[in-house]
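Secondary and tertiary structure notes
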Amino acid sequence: MSDLDFTTRFPTGVVADERKGYEGYIVDADKLVEFATALRDEFGFDYLSSVTGVDYINEGKLEVVYHAYKTTGGAGLVFKTQVDREAAEVPSLYNIYPGADFQEREAWDLMGIKFTGHPDLRRILLWEGFEGHPLRKDWKEPYFEEDVKPFKSRWPEGDFHRAEDKNPYGANVQYPDKFDPEKWQPEGEDALYGSLAKYQTTDESGLVTDHITVNLGPQHPSTHGVFRIAAKLNGETIVNLKPVMGYLHRNHEKIGERNTYLQNMPFTDRLDYLSSMSNNFGYALAVEKLLKVEVPERAEYLRVIMAELTRIQNHLFAIGMFLNDLGAFFTPSLYAIEERELILDIFEMVSGSRMMCNYFRFGGVVRDLPEGALEKIKGLVLDRLPRKVDEMDRFLSENEILRSRTVGQGYLSAEDAIKYSAAGPMLRASGIPYDIRRADPYSIYDRFDFDVAVRYNGDIYDRYYIRLDEVRQSLRILEQAIKDIPEGEILSGKPQYTVRVPAGESYGRVEGPKGELGFYIVSDGKANPYRYHVRAPSFINLTAFGPMCVGLKVADVVAVLGSIDIVLGETDR
């Protein structure tokens, strides 16, 4: 898209972002809705991937950053709007891109940006009584030491003390002025329940029926962790449903802005803790864009091999746990986990850790394959895994109970999948063949021959089966990668303990096992990122969860959630 197109369409209110190291367009807040509408309807950017905020405290403004793409493929478009920090109000894009729902709530919760016109603007990761907006640069936690690491209490002085000893109350909390936790009534619950649906219905005969609200979780095995589902029921039928998250929230992004760039690499492992290598990959790409470093050929192949092994073991685990959710307790999951463990053996050989791998580095990977690792990978890729995937397919896919619980249930249309910014298997199972490895290739994925897995029914069954399809395509990629991997260096330059990243912004994204995993980085030229944001597919894929469940029964909700495949470490961050 050329500047001329925008200049012609928007003679005022839209300008190119000419800050050094930045890209895209800056849109006046009063033009934002018109601009976004034209972007979708006239310019074909139908997919809003990411929404986040940046606090430019020294300039007295907050910036909202949007990343939009075309589901037909190609590079994305970045656009931003800026508002005064003391009057941070921006029009909501919910009515144009409903996928902005949870992301706008997150920006309100953590950054204090009010999105006018949003239908349900409540906190989403923090509790309603929380004081302040912690991603603002002037917010300080009770145990605050310094703005960035390494803290002097650790290095170089080494004058270490327990932060708890400085706090007379011995707890990492601070309350709003005149707040008494013993007398607090949870106002947020009223807002949550009020957002669900009206409490009564009247049928054609005049019979008035009360609706009841049921909470599944946050402590419940079906929710895959500390996750809560607030459902409004008419009998056994779901009338409305809202996911409630944040029980695992630790403000990953605030910690990430305190860390040095390199300290964040092992920190990304803790997001989707089933997909450490993919997390490393996305973050490395974002920083490498700013550093403008070249990755050696062998390192690119190693990255792809580790990423595709990650996809396979994630999908095996997802299928096993999904069968648990349907009631086939543990037998299918243990068969799947056995294969996953063999892949984790390889991760342990290569990185020294099974799950928290910390394997990627800016400009390559930290170490080469040890002796015997490539042979072990070949044994899995060329022999064992294809047989085991076919075996799982044979035992499960035509099972009448599985099919009766999943075929035609939890429907998500192609239009709604795009509208709600669904990503990964969830998007492709609804008939949208959008895979970043093909649509906007990164690393060396353009060298490999593979198909984008797609299915067209948009139901729970297709979301289950597409993961088997994707495992098979990952095996195709791996066959080519292990055949063509060259000898050579695995890291550009010398290993570094810290890096100075040139000022600017970048967005690195990968096709993770759960969908688009993106890292938005703003650098001010110092050793720590000024802004560090994670576009978490587990979080954003939940936007469609409520609409998919309306009209189903309570038991179906568990199956729908299992078919989305979330990890709470990534959802809550």
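Every chain is numbered independently, its residues counted from 1 as its sequence is written. Owing to the predicted nature of the model, reporting of local features is limited to residues with pLDDT of at least 70; listing and counting of side-chain atom pairs is limited to 80 or more, with chain, interface and lining totals taken over all residues. Heavy atoms throughout the structure, all of them, feed into the side-chain values; hydrogens and water do not.

On to the packing of aromatic side chains, then. For Phe, Tyr and Trp, where Trp contributes only its six-membered ring, two rings pair if their centres lie within 6.5 Å, and the inter-plane angle classes them as stacked under 30 degrees, edge-to-face over 60, or tilted in between. Enumeration over the complete set of coordinates arrives at 22 aromatic pairs. Arranged with centres 6.1 Å apart and planes meeting at 80 degrees, the rings of Tyr359 and Phe360 form a pair that is edge-to-face. Phe360 carries the same exposure label as Tyr359, and that label is buried. Ring-pair connections join several aromatic residues into one group, and the members of that group are Phe281, Tyr301, Tyr359, Phe360, Tyr442, Tyr445 and Phe448. Throughout this description, the term charge over a ring refers to an Arg CZ or Lys NZ atom that lies within 6 Å of the ring centre and within 35 degrees of the ring normal. Here the basic side chain of Lys140 rests over the ring of Phe144, its NZ or CZ set 5.1 Å away from the ring centre. In this arrangement the basic side chain of Arg509 is found over the ring face of Tyr69, its NZ or CZ atom lying 3.6 Å from the centre. For every residue, the accessible area (1.4 Å probe, protein chains only) is compared with the maximum for its type, and the residue is labelled buried under 20%, exposed over 50%, or partly exposed between those bounds.

Another point: the nonpolar core. Buried Ala, Val, Leu, Ile, Met, Phe, Trp, Tyr and Cys residues form a nonpolar core when they are joined through side-chain atoms within 4.5 Å. Formed by 157 residues in total, the largest nonpolar core has its most connected members in Tyr66, Phe79 and Phe545. Secondary structure elements are taken from DSSP: a helix is a run of H or I of four residues or more, a strand is a run of E of two residues or more, and numbering for both begins at the N terminus. Looking at which element gives the most residues to this core, the answer is helix α9 (residues 297-326), with 13 residues.

What follows is about the environment of Pro370. Summarising the element assignment, Pro370 is placed in the loop between β14 (364-365) and α11 (373-396). By relative accessible area, which is 30% here, Pro370 ends up partly exposed. Separated by 19 residues in sequence, Pro370 and Ser351 have C-alpha atoms that sit 9.6 Å apart. By the convention used here, residues are in contact when the closest approach between their heavy atoms is within 4.5 Å. Residues in contact with Pro370, not counting those within four places in the same chain, are Met349 and Val350.

Okay, a nonpolar patch on the surface next. Taken together, the side chains of Trp127, Val173 and Tyr175 present a nonpolar region at the surface, about 280 Å² in accessible area. Tracing the chain through its elements places Val173 in the loop between α4 (163-166) and α5 (187-194). Within this analysis, patches are made of residues with over 30% relative accessible area and no salt bridge. Like charges are joined at 9 Å or less; nonpolar side chains (Val, Leu, Ile, Met, Phe, Trp, Tyr) at 5 Å or less. Note that accessible areas follow from Shrake-Rupley with a 1.4 Å probe, and for residues the cover is restricted to the protein chains shown. By definition, a salt bridge exists where a carboxyl oxygen of Asp or Glu is found within 4 Å of a side-chain nitrogen of Lys or Arg.

Right, let's talk about the side chain of Ser523 for a bit. Mapping Ser523 onto the fold places it in strand β16 (residues 515-523). Residue class for Ser523 comes out buried when judged on its relative accessible area of 3%. Think of a polar contact as two N or O atoms within 3.5 Å of one another; within protein, one of them needs to be a possible hydrogen donor and the other a possible acceptor, and neighboring residues in sequence only count if both atoms come from side chains. Polar side-chain contacts of Ser523 include one of 3.0 Å to the backbone nitrogen of Gly525. Discounting residues that sit within four places of it in the chain, Ser523 has contacts with Tyr261, Leu290, Val501, Pro502, Ala503, Gly504 and Tyr530.

Partitioning the protein chain into structural domains gives domain 1 (6-116), domain 2 (190-244) and domain 3 (252-572). The interface is formed by 16 residues belonging to domain 2 together with 18 residues belonging to domain 3. Carbon and sulfur atoms supply 71% of the area buried between domain 2 and domain 3, which totals about 1400 Å² over both sides. Where domain 2 touches domain 3, the interface holds 0 salt bridges. With 6 residues, strand β12 (residues 237-244) is the largest single contributor of residues to the side of domain 2 that touches domain 3. All residues other than Ala, Val, Leu, Ile, Met, Phe, Trp, Tyr, Cys, Pro, Asp, Glu, Lys and Arg, Gly among them, are scored as polar; the first ten of these are nonpolar and the last four charged. Looking at side-chain class alone, the side of domain 2 that touches domain 3 contains 9 nonpolar, 6 polar and 1 charged residues. In this entry, domain limits derive from an automatic or database-based domain assignment. By buried area we mean the combined loss of accessible area, with a 1.4 Å probe, across both parts when two parts are placed together.

Within strand β11 (residues 228-234), 6 of the 7 residues are buried, which leaves the element mostly enclosed by the surrounding structure. Two strands qualify as a pair provided that DSSP identifies no fewer than 2 bridges between them. Sheet analysis places strand β10 (residues 212-216) next to β11, joined by 5 bridges and oriented antiparallel. If you follow Thr213 over to β11, its bridge partner there is Lys232. Pairing of β11 with β12, which is carried by 7 bridges, proceeds in the antiparallel orientation. From the neighbouring strand, Arg228 faces β12, where its bridge partner is Val244. As consecutive antiparallel partners, β11 and β12 are separated by 2 residues, and within that stretch Gly235 has a phi angle of approximately 70 degrees, a positive value.

We now examine the sheet that holds strand β17 (residues 531-535). Read across the open sheet, the 3 strands follow the order β15-β16-β17; overall the sheet is antiparallel. The open sheet terminates on both sides in strands that have one partner only, identified here as β15 (504-512) and β17. Looking at each pair of strands side by side, their axes are set apart by 10 degrees on average, direction ignored. Strand direction decides the pairing type here: β15 and β16, joined by 9 bridges, are antiparallel. Residue Ser506 lies in a different strand from β16, and its bridge partner there is Ile521. Axes, fitted as lines to C-alpha atoms, cover a helix only where it is in contact. Angles between the N-to-C directions of the axes lie from 0 to 180 degrees.

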